[in-house]
Amino acid sequence: LQKTTHRSFHKIEPGAHVFAMTSHTHRLGIRATIHRGVSKDSPGELLHESTDWADPPFDQFDPPLTFEPGEGLILTCEYDNTTEEHVGFGLSATDEMCFLWAHYFVP
């Protein structure tokens with residue numbers, strides 16, 4: 001039994017217009033957030049939060065979000081392994097994963 005948190009930073013191309021986003025984990029995911037920031041250690045501005053691994057919200061932005069040079073998205077996923085098994089990254093529903101989808105265009 002183990003709780004785990006994973007954070008990652010993903011730079012966004014300056015001038016990109018992000019109009020929607022969502023997160024994805026599997027069954028042991030208890031919370032996923034996406035913040036706007038400049039590094040994985042910056043607190044950033046909360047843009048997305050999900051506590052439902054099976055049906056995370058699909059957040060839309062109107063007007064779209066724009067990003068300055070150096071800015072990006074900070075993805076944080078929290079897991080609670082309530083099983084007696086070791087669970088690692090993988091593509092199976094019994095594995096875990098953590099990623100985001102950001103829908104954008106560059107004019």
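Refer to the structure printed above.
Residues numbered from 1 in each chain as written. Predicted model: local features only at pLDDT ≥ 70, side-chain atom pairs only at ≥ 80, totals over all residues. Heavy atoms only, no water.

## What about the state of the cysteines?
Part 1 of the reasoning: Counted according to the given criterion, the structure contains 1 disulfide.
Part 2 of the reasoning: Each disulfide pairs two cysteine sulfurs, and for Cys-77 the partner residue is Cys-98, the sulfurs being separated by 2.0 Å. On the S-S bond that ties Cys-77 to Cys-98, the torsion sits near 75°, and the link is right-handed. Of the two residues, Cys-77 is situated in strand β6 (residues 72-81) and Cys-98 in strand β7 (residues 98-105); the sequence distance between them amounts to 21 residues. Comparing Cys-77 with Cys-98 shows no difference in burial state: the two are buried. (Disulfide = S-S within 2.5 Å. Helix = DSSP H or I, 4+ residues; strand = E, 2+ residues; numbered from the N terminus. Buried < 20%, exposed > 50% of the residue type's maximum accessible area, 1.4 Å probe, protein only.)

## Considering the pattern of salt bridges
Part 1 of the reasoning: Within this structure, the stated rule accounts for 4 salt bridges.
Part 2 of the reasoning: Where Arg-31 meets Glu-78, a salt bridge forms, and the shortest distance between an N and an O atom there is 3.1 Å. Linking Arg-31 in strand β3 (residues 29-37) with Glu-78 in strand β6, this pair joins segments that are 47 residues apart in sequence.
Part 3 of the reasoning: One salt bridge in this structure joins Arg-36 and Glu-45, with 3.1 Å as the shortest N-O distance.
Part 4 of the reasoning: For Arg-36, a relative accessible area of 15% gives the class buried.
Part 5 of the reasoning: Here the salt bridges do not stand alone but share partners, grouping Arg-31, Glu-49 and Glu-78 into one network. (Salt bridge = Lys/Arg side-chain N within 4 Å of Asp/Glu carboxyl O.)

This is a description of form; function is not addressed.
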